[in-house]
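# Fold and geometry: a report
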Amino acid sequence: MSLPPKIYLLSSPHGRVVHVFVHAHQQKKLKNPQKKLRHCFAFCSLICTFATDMKKMLLLALLLHVFGAQAQSVRETIRLDKGWKFAMGHAADPKKDFGCGTEYFNYLTKANSIHNEGPYAQKFDDSGWQEVQIPHDWVTTLPYAGNASHSHGYKTVGWKYPEHSVGWYRKKITIEPSGDGNELPCRYYLQFDGIFRNARVWFNGFYMGTEPSGYATQVYDVTEYVNYGGENLICVRADATLEEGWFYEGAGIYRDVWLVKTAAVSVAPFGTFVYADLKQPYDQATIHVETEVSNHSLTTQQCEVSHSLLDADGKEVAKSAPSTLTLKAKQTIHSSLFTLHLNHPHLWSTADPYLYQVVTTVKVAGKVTDVYTTTTGLRDIAFDSERGFLLNGEPLKLKGVNMHQDHAGVGAAIPDALQAWRIRQLKAMGCNAYRASHNPMTPALLDICDREGIFVIDENRLMGINEEHLRLLERMIKRDRNHPCIILWSDGNEEWGLENTVQGKRVAEAMRQYTRLYDPTRPSTVANAGGGELIKGLDVVGFNYIVQNDVDNRKKANPSWKIVGTEETTGCGTRGCYFNTPEYPGRMVSLNRTMEQNYENIIERGWKFYDERPWAAGLFYWTGFDYRGEPNPLGFPAHDSEFGILDYCGFPKDEAFYLKAWWTDEPVLHVFPHWNLQGHEGEEIALWVYSNCDEVELTVNGKKLGRQPMPKNGHLTWKAVYQPGKVVATGYKGGKRIMTETIATTGSAAKTMLKADRECIAADGRDLAVITVEVQDAKGRRVPDACPMLSFQLEGEAHILGVGNGDPMYLGDDHPKGNDCRQFAVPAFNGLAQVLVQSSGSPSTVTLRCLAEGLSTGIVTITAK
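I will try to describe carefully the structure that is included in this document. Note that the structure is predicted; figures quoted are calculated from it, not measured.

### A look at the overall build of the protein chain
If you tally the helices and strands in the protein chain, you get 10 helices and 47 strands. Relative to the 2.2 N^0.38 estimate, which gives 29 Å for 865 residues, the radius of gyration of the protein chain is 28 Å and therefore close to what a compact globule would have. Seen through its C-alpha atoms, the protein chain measures out along the principal axes to roughly 90 × 65 × 60 Å. Across the 865 residues that make up the protein chain, the buried fraction comes to 63%. Once local pairs closer than 6 in sequence are excluded, the contacts in the protein chain between residues at least 24 apart make up 71%. Accessible surface computed for the protein chain: about 32,500 Å², of which carbon and sulfur atoms make up 51%. Each charge class in the protein chain was averaged separately, 90 positive and 98 negative side chains, and the resulting centres sit 5 Å apart.

In structure tokens, the structure reads:
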């Protein structure tokens, strides 16, 4: 990869950019260049945020072609996703770990030894290594084993498997020289959004540092180590021997990697903090911008800093007066002198997630050296002890879910397009809030939540008040605090050793104050599993499960407490399973129908509780999606937690319709179980209905079983003797029939039907289509108990990234071992399967075929542009 000496570009949120190479001699001189430049930057920023990748490239190319000559900012952020080489090392045997650290002068004894021969040495031969694309999770291709970690889904990684627990990455890039050679006019940073875990990083053989946490963003200044005009080697060693959480975490460079280029005098990494003073009736906003500016040159520099506020149309609606800063060589200065005033602000909300851009311009001697764009949304949030959660002055219930960070077929390495798809599935059932359990989330997902209007609890990984803990807390908050979607910081989760101790109260109080120091605009919480001391030191009290926290009585005793349900059980089980059978020990019937907790339909217990109490902010169900690991109360061969409202592929379980009925205004009528209950003829079956109709009438095989009123936030049941046929549910509103839902005993599987979430994807090598595969009978009805083996064949400039079926005890492969997979197989599970098709870098028509013995072939075609 080569960086031209002059590139005119614009940073998008947090310095990211869709970059376009434009040569200076192609530009045209224009009148009033500063004004035109400002509008160019404004529009380009908004393109980066709101447009598709395709439109971004075309519009940026056009605008920068016309206006780019006026810009002198060298800021550029380049995604380093392709061209990485990967190999397994060894956690216990240095000889099998490429001799790492065994040299006479190793990487800790000398800054860089010419005698080193390991993977961090440029002369190392990696020709036998596998080429991979970032994000990458090497655990996805590892086998399962019954003696492996229960909490991590029985994958053969961790301290028992040293041969599978260390991975090495190498990538070479070319950086062209810039400036006159007397100083270093540009700075180059490597930014890793997440490496699991204990990551050591080298650049050109020089040791950059180690980050133990798998969830922290790492930034390394590599400028002084650059080999201009020649090859530069990035080397990473990740060691997943030690588990950081008690859930599947994957391993490797599973989040994005960036090369950031800036001027010597520029905004520091994550160096802006934008927040607003808003008061009812919200006709005015005072916007504060705090800025950290760095001088990386070798001499004292004087610079001018100013800020402009751009609306969603790219129009400048407010600006600050410029301020002059004097920075010594290598100094970073924090400035909070800037305010912008805006009349009639357009507020951010879940229904209208309106985003502004703050454009920070840095000039030295009248010349623009940096343009840094920060996305922000203007909204007023509060937690109140009597009214719950308030958005822009009005009470609003949080309808949330907890989420881990893995998906079928890709593990923890979730591409951005799949992250966005997952959020859309949650929104479809009425979800408006997301708790990042139990670690800081990837920045790309926060960008998505900003755009989609999803509230976020951003969660710290580990509680504590020493440097090891506070540096991670500070790093999370400074990186993420400009996101309007974040409404609450979580300083930790279920710290059982602290919850009932005076030390726990002290730690919670101290972390609360540190959190306020880094961000005084938001409250913080800790998710509490039942203790009584730690929660006394919180802004907002987070309760995990009402059955073990006695929330009502605690609220009566502490009326000033602000309360949110940080976890609440869904009671869910395996999608489409209604009977426990010994031959499938890894699947379970939903607890909503088993009365194991002496409560019918456990999922409604939590929602009723928090919905009926005005002082309660809302709740976050455990969990939104199934996730790998923690298959409680089961064991191997179960490897996934089954309490997701959606399964591991994102296919809805019955409980998704319960929430959709009470979380949305969309008419819902869902009857279950399905009516393919072969082997249960003559048995009495409980038929359930989730609906928001006023009344529901049920007819089974032509016999009317009666009409029942639907209780608020409730459900309905009938009893019927099973015989093949059909069940018809009829919903009524205001006494009038408004909808009908029919389930019928289907014929045998006859064909597959394939449907893509989008007909067109970007041919950028990153975008993907989520393909749903449905097994149908001859009449086009999904066969809800069909599990045939499916074989997929792909044609066009794309590849199969991964597959899945939602079966929590499926032990087969779901991720290809190669990079250009065009054939793969997976069994359907209860009538469904999923294929993730990722584009290459070339436009193409892409065709996916599904073949199965005795079934007609299913075909879907998408376009990569």
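### Side note on the pairing of strand β9 (residues 231-239)
Every other side chain in a regular strand lies on the same face of the sheet, so the side chains alternate between the two faces. Taking burial as the measure, the 9 residues of β9 include 8 buried ones, the bulk of the element. Sheet analysis places strand β4 (residues 166-174) next to β9, joined by 9 bridges and oriented antiparallel. Of the residues in β9, the one forming a bridge with Ile173 is Asn232. Two strands pair when backbone bridges link them, and strand β6 (residues 199-203) and β9 are joined in this way by 4 bridges, in the antiparallel orientation. Paired with Arg200 across the strands is Arg237, a residue of β9.

### What to know about the layout of surface pockets
Roughly 1,200 Å³ of internal volume is contained in the second largest pocket. Lining the second largest pocket are 40 residues, and of these Pro652, Phe657, Glu774, Arg782 and Leu832 lie nearest its centre. Secondary structure elements with two or more residues in the lining of the second largest pocket: α3 (416-428), α10 (654-663), β32 (669-672), β38 (736-744), β39 (751-756) and β41 (768-776). Residues of the lining of the second largest pocket, tallied by class, amount to 20 nonpolar, 9 polar and 11 charged.

### Things to note about the pairing of strand β19 (residues 381-384)
With burial as the criterion, only one face of β19 is covered, namely that bearing Ile381 and Phe383; the residues Ala382 and Asp384 on the opposite face remain uncovered. Here β19 folds back onto strand β20 (residues 388-391), and the loop between the two strands holds 3 residues.

### A look at empty space enclosed by the protein
Here the structure, examined in full by the defined rule, presents 7 cavities of 30 Å³ or more. What the largest cavity holds in volume is close to 180 Å³. Arg255, Gln405, Gln419, Thr442 and Leu445 are, among the 19 residues lining the largest cavity, the residues nearest its centre. Sorting the residues of the lining of the largest cavity by element identifies α3, β23 (433-436) and α4 (443-452) as the ones contributing at least two each.

### Some words on the packing of aromatic side chains
Per the stated rule, a full pass over the model turns up 38 aromatic pairs. With centroids separated by 4.6 Å and ring planes inclined at 35°, the aromatic side chains of Tyr120 and Trp202 adopt a geometry described as tilted. Here the residue Tyr120 occupies a position in the loop between β2 (84-88) and β3 (130-132), and Trp202 occupies one in strand β6, the gap between them amounting to 82 residues. Across this residue pair, the class does not change: Tyr120 and Trp202 are buried. The interplanar angle of 65° and the centroid separation of 5.2 Å between the aromatic rings of Tyr154 and Phe636 together place this pair among those described as edge-to-face. Within this pair, whereas Tyr154 is found in the loop between β3 and β4, its partner Phe636 is found in the loop between β30 (627-628) and β31 (640-641), the two being separated by 482 residues in sequence. On the basis of relative accessible area, Tyr154 is assigned to the buried category, the value being 7%. Assessed through its relative accessible area of 36%, Phe636 is described here as partly exposed. One residue, Arg481, lies across the ring of Phe273, its end atom 4.2 Å from the ring centre.

### What to know about the pattern of salt bridges
Counted under the stated rule, the structure contains 47 salt bridges. A salt bridge links Glu224 to Arg187; its shortest N-O distance comes to 2.9 Å. Residue Glu224 is located in the loop between β8 (218-221) and β9, and its partner Arg187 is located in strand β5 (residues 186-192); the two are separated by 37 residues in the primary sequence. Given the relative accessible area of 46%, Glu224 is considered partly exposed. Since its relative accessible area comes to 2%, Arg187 is described here as buried. Notably, a salt bridge pairs Asp626 with Lys653, separated by 2.8 Å at the nearest N-O pair.

### Considerations on the nonpolar core
The nonpolar side chains of soluble globular proteins are, as a tendency, buried together. Core analysis: the largest hydrophobic core is formed by 105 residues, its most contacted members being Phe389, Leu398, Leu426, Tyr434, Tyr621, Val696 and Leu698. In this structure Leu398 touches Phe383, Phe389, Asn432, Ala433, Phe455, Ile487, Val564, Trp607, Ala617, Gly618, Leu619 and Phe620, once residues within four positions along its chain are discounted. Counting 49 residues, the second-largest nonpolar core is a separate cluster that includes Val201, Val257, Leu591 and Phe643.

### Details of the sheet that holds strand β12 (residues 284-295)
Through backbone hydrogen bonds, the strands of a sheet pair up, either in parallel or in antiparallel fashion. Spatially, β11-β12-β16 is the arrangement adopted by the 3 strands of the open sheet, whose pairing is antiparallel. The sheet is open, and its two edges are formed by β11 (265-278) and β16 (332-343), each paired on a single side. The mean angle between the axes of side-by-side strands here comes to 20°, regardless of whether they run parallel or antiparallel. When β11 meets β12, the two strands line up antiparallel, connected through 10 bridges. Paired with Val265 across the two strands is Asn295, which belongs to β12.

### Observations concerning the packing of helix α5 (residues 467-480) against helix α7 (residues 502-518)
For any two helices packed against each other, the geometry is given by the interaxial angle and the distance between the axes. Remark: α5 packs on α7, axes separated minimally by 10 Å, with the N-to-C direction vectors making an angle of 35°. Judged by the twist between their axes, the crossing of α5 over α7 is right-handed. Side by side, α5 and α7 meet where Leu470, Leu473, Glu474 and Ile477 of the first sit next to Met511, Tyr514, Thr515 and Tyr518 of the second. Of the residues that constitute the contact of α5 with α7, the class distribution is 6 nonpolar, 1 polar and 1 charged.

Rules of the game
Residues numbered from 1 in each chain as written. Predicted model: local features only at pLDDT ≥ 70, side-chain atom pairs only at ≥ 80, totals over all residues. Heavy atoms only, no water. Helix = DSSP H or I, 4+ residues; strand = E, 2+ residues; numbered from the N terminus. Rg over C-alpha atoms; globule rule 2.2 N^0.38 Å. Buried < 20%, exposed > 50% of the residue type's maximum accessible area, 1.4 Å probe, protein only. Contact = heavy atoms within 4.5 Å. Areas by Shrake-Rupley, 256 points an atom, 1.4 Å probe, with all protein chains shown as cover. Lys, Arg positive; Asp, Glu negative; His and termini not counted. Charge placed at Lys NZ, Arg CZ, Asp CG, Glu CD. Pairing = 2+ DSSP bridges. 1 Å grid on protein atoms, 1.4 Å probe; cavity = no way out; pocket = protein on both sides within 12 Å on 5 of 7 lines; lining within 4 Å. Points joined across faces, edges and corners; volume = space filled by probe spheres on them. Nonpolar A, V, L, I, M, F, W, Y, C, P; charged D, E, K, R; others polar. Phe/Tyr/Trp six-rings, centres within 6.5 Å; stacked < 30°, edge-to-face > 60°. Lys NZ or Arg CZ within 6 Å of the ring centre and 35° of its normal. Salt bridge = Lys/Arg side-chain N within 4 Å of Asp/Glu carboxyl O. Core = buried A, V, L, I, M, F, W, Y, C linked by side-chain atoms within 4.5 Å. Axes fitted to C-alpha atoms, helices over the stretch in contact; angles between N-to-C directions. Left-handed = near helix turned anticlockwise from the far one by under 90°.

Distances and angles like these do not, on their own, reveal function.
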